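Now for the letters of each chain:
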Amino acid sequence: MADKGMKDKIDVIVIGAGPAGYVGAIRCAQLGLNTVCIDDWRNDAGKPALGGTCLNVGCIPSKALLESSALYERSRGEFAQHGLKIPQVELDLGAMMARKRKIVETLNQGVSGLLKANGVSLICGRGRLLANHHVEVLGDDGEVTQTLEAENVILATGSRSTDLSVAPRDGKYIVDSTGALSFDAVPKRLGVIGAGVIGLELGSVWRRLGSEVTLIEAQEEFLFMADRQIAKEGLRYFTKQGLDIRLGARVVGSRVEGEEVVLHYQDADGKDHEMRFDRLIVAVGREPNSGEVLGVDAGVSLGARGMVIVDDTCRTNIPGVYAVGDLVRGPMLAHKGSEEGVMVAEVIAGHHGQVDYGAIPSVMYTDPEIAWVGRNEEELKGLGIDYNVGSFAFAANGRALAHGDTRGMIKVLADAKTDRVLGVHMIGPDCSELIAQAVLVMQYQGSSEDIALTMFAHPSLSESLHEAALDVAGVAIHKVGRKRR
Ligand code: FAD
Ligand code: NAD
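Cut-offs used in this document
Residues numbered from 1 in each chain as written. Chains lettered and ligands numbered in written order. Predicted model: local features only at pLDDT ≥ 70, side-chain atom pairs only at ≥ 80, totals over all residues. Heavy atoms only, no water. Near = heavy atom within 4 Å. Polar contact = N/O pair within 3.5 Å; in protein donor to acceptor, adjacent residues only side chain to side chain. Areas by Shrake-Rupley, 256 points an atom, 1.4 Å probe, with all protein chains shown as cover. Helix = DSSP H or I, 4+ residues; strand = E, 2+ residues; numbered from the N terminus. Nonpolar A, V, L, I, M, F, W, Y, C, P; charged D, E, K, R; others polar. Domains from an automatic or database assignment. Pairing = 2+ DSSP bridges. Contact = heavy atoms within 4.5 Å. Buried area = accessible area lost by both parts, 1.4 Å probe. Buried < 20%, exposed > 50% of the residue type's maximum accessible area, 1.4 Å probe, protein only. Salt bridge = Lys/Arg side-chain N within 4 Å of Asp/Glu carboxyl O. Expected span 1.5 Å × (residues − 1). Arc of directions from axis to C-beta.

What exactly am I supposed to notice about the site of ligand 1 here?
The local shell around ligand 1 holds 37 residues, among which D39, D40, T53, K63 and G127 are the closest. With respect to ligand 1, the backbone of G127 contributes an N or O atom lying 2.8 Å from a nitrogen atom. A334 is positioned such that a nitrogen or oxygen atom in its backbone is 2.9 Å from an oxygen atom of ligand 1. Protein contacts shield 93% of the accessible area of ligand 1, which totals 990 Å² for the unbound molecule. At the level of secondary structure, the elements contributing two or more residues to the shell around ligand 1 comprise β2 (35-39), α2 (52-57), α3 (59-76), β4 (126-129) and α8 (334-348). Of the residues forming the shell around ligand 1, the biggest block, four residues, is contributed by α2. Considered class by class, the residues forming the shell around ligand 1 number 16 nonpolar, 15 polar and six charged.

How should I be thinking about the site of ligand 2 in this particular structure?
Near ligand 2, the surroundings consist of 21 residues, among which I198, E201, E217, G285 and V363 are the closest. A distance of 2.9 Å separates an oxygen atom of ligand 2 from a polar backbone atom of I198. At a separation of 2.8 Å, a nitrogen atom of ligand 2 approaches a polar side-chain atom of E201. Coverage of ligand 2 by the protein chains reaches 77% of its 850 Å² of free accessible surface. A per-class count over the shell around ligand 2 returns 13 nonpolar, four polar and four charged. Here the shell around ligand 2 spans two domains, and each of domain 1 (10-160 + 287-355) and domain 2 (174-284) adds at least three residues to it.

Explain the pairing of strand β6 (residues 144-155) to me, please; I cannot follow it from the model alone.
Residues in a regular strand point their side chains to alternate faces of the sheet. Where strand β1 (residues 10-15) lies against β6, five bridges are found, and the strand directions are parallel. The residue of β6 that forms the bridge with I13 is V153. Both strand β5 (residues 134-138) and β6 contribute to a ladder of five bridges, which runs antiparallel. Pairing of V135 across the sheet is with L148, part of β6. Linking two consecutive strands that pair antiparallel, namely β5 and β6, is a turn of five residues; a positive phi of about 85° is found at G142 within it. Alignment of β6 against strand β17 (residues 321-323), held across three bridges, turns out to be parallel. When the bridges of β17 are listed, I154 appears paired with Y322.

Could you clarify how one ought to interpret the domain arrangement of the chain in this entry?
Many descriptions give the size of an interface as the accessible area lost when the pieces come together. Looking at the chain, the domain boundaries give domain 1 (10-160 + 287-355), domain 2 (174-284) and domain 3 (359-472). The gap between the C-alpha centroids of domain 1 and domain 3 is 30 Å. Contact with domain 1, which involves eight residues of that partner, is made by six residues of domain 3. Of the roughly 550 Å² buried between domain 1 and domain 3 on both sides combined, carbon and sulfur atoms contribute 66%.

Any chance you could explain the pairing of strand β22 (residues 421-428) here in plain terms?
Counting buried positions along β22 gives eight out of eight residues, so the element sits mostly inside the fold. Summarising the sheet, strand β19 (residues 369-374) and β22 pair through six bridges and their orientation is antiparallel. Residue pairing for β22: G374 is matched across the bridge by G423. The hairpin turn running from strand β21 (residues 409-415) into β22, its antiparallel successor, is five residues long, and D419 in that turn takes a positive phi close to 70°.

Would you explain the pattern of salt bridges in this entry?
Opposite charge on two side chains lets them pair, provided their charged atoms get close. Scanning the model with the defined rule gives 30 salt bridges in all. Residues joined by salt bridges that share partners form a network here, namely R189, R255, E257, E260, E274, R276 and D278.

What am I meant to see in helix α11 (residues 431-443) here?
Since one α-helical turn is 3.6 residues long, residues separated by three or four positions face the same way. Under the 1.5 Å per step criterion, the end-to-end length of α11 is 18 Å for 13 residues, consistent within 8% with the ideal 18 Å. Within α11, the full set of buried residues consists of C431, S432, L434, I435, A438, V439, V441 and M442. End-on view of α11: buried residues confined to an arc of 160°, all on one side of the axis.

Laid out in structure tokens, this is it:
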């Protein structure tokens, strides 16, 4: 598949075509650099499938199933409140999965088309970095098919699920997120180890489709990385929906017995528990794919858990070798990786490249959705930064009422001296979209007053951000009991 420009000098070799790698490769090509991208992903049919974890077994298929399962749940309950009576809604899991696959395939082709249109040469195979910017390509049989050399190499090989020795995957009863995106039937009893973002998203999918879901979480605090107030509200809603979330639980062992998984865990008081599930998902985080891509003489320094060590512009210790995305420090998020890919391309082309690591949005596609950007109250307190808080509940928002979903709130945190927005935290309807407004404000180093002085369409959920910003100064219009200044 690779040919164009291969005889010419290669400016950049990108290893990995996930959102970090393929976006970086496209920007390199846009900037006039002769670019080769090597990727080894194959789909179930054994065909190359570009887009990495995100597109094949991550962001996209999980959101497809979240959407379908949410519709299923709404059609069986909430639709009646709108005066829509549907006698019987039947679940066709096969069709749901086929829809998911179609979306993935459409996007695989889209990425492939984009690389082609931009003149990026694609090689399907496994890349391995050697010394002096040499990269060898290995075929499916592990044999070296060619060796290339480039001025620059961008490592973008992503991450894989972390295994748990006390619950080893067997691909059928005990699976990781990839297995959980393709169950062929709705498990009656579903266990999930880890109540993080994957556990909550995929746990939500299967609960909506009919599973009894239990999440076993080691931490005693729910969503320890989120704002406490938001996490507390989230726990309340998720528990009310029927997710059985067990915090402070230490898994000590598991075994497959007949058609079920027997799981043992100890609670926070050290008491032993046994649970039986039809399927068990292990979702305890991910770790970087740095092992195979680095040949013995590559010389690239690795840090904790195999992360490639990089500076602020994603340079490794080897000049001309960069690493981006899940392979390096920072949150393992597709958009963070893509921006790093763009930054590195700009740097290689001799331009200014930068990622604002303080303005990376985090979103959990639960129901309600949770989203944030910047620092939370606990972090600001820890840093000794004085701040003002403004908040607004969706319960007082007309659009949320029309939506039929008034759960949640938006909270704006602004510097007490300068009023600069330091963080925005939200839980509620469409927060995955609303958070972009807060990211823009933070990107432009805006203040809560900047948001307050902006006009928002009525009626819209976004008005809640406006009111939360007004509330920082104690002048929210649609809020009673507001602060006096
Ligand atoms: P990857 O997407 O992992 O891509 C790496 C690519 O490199 C792969 O194609 C891999 O096959 C290839 N590769 C690896 N080694 C080699 C080699 N030696 N040679 C050639 N090719 C190689 N993030 C979000 O922002 N939003 C979400 O909603 C979201 N949902 C997720 C849901 C799930 C279930 C999972 C598992 C993850 C989710 N993520 C989400 C995280 C997101 O998928 C990752 O952050 C993102 O894919 C990382 O991009 P990347 O390009 O660094 O790596
Ligand atoms: P995570 O870090 O979000 O959650 C893992 C959870 O497992 C944590 O709460 C942790 O305390 C718990 N845990 C760890 N070891 C445990 C053990 N032995 N027993 C019980 N609990 C244990 O990781 P994840 O949910 O696996 O997701 C992996 C990555 O994928 C995340 O970094 C995330 O950024 C990304 N992702 C993002 C999205 C999104 O943006 N919407 C969706 C899915 C995945």
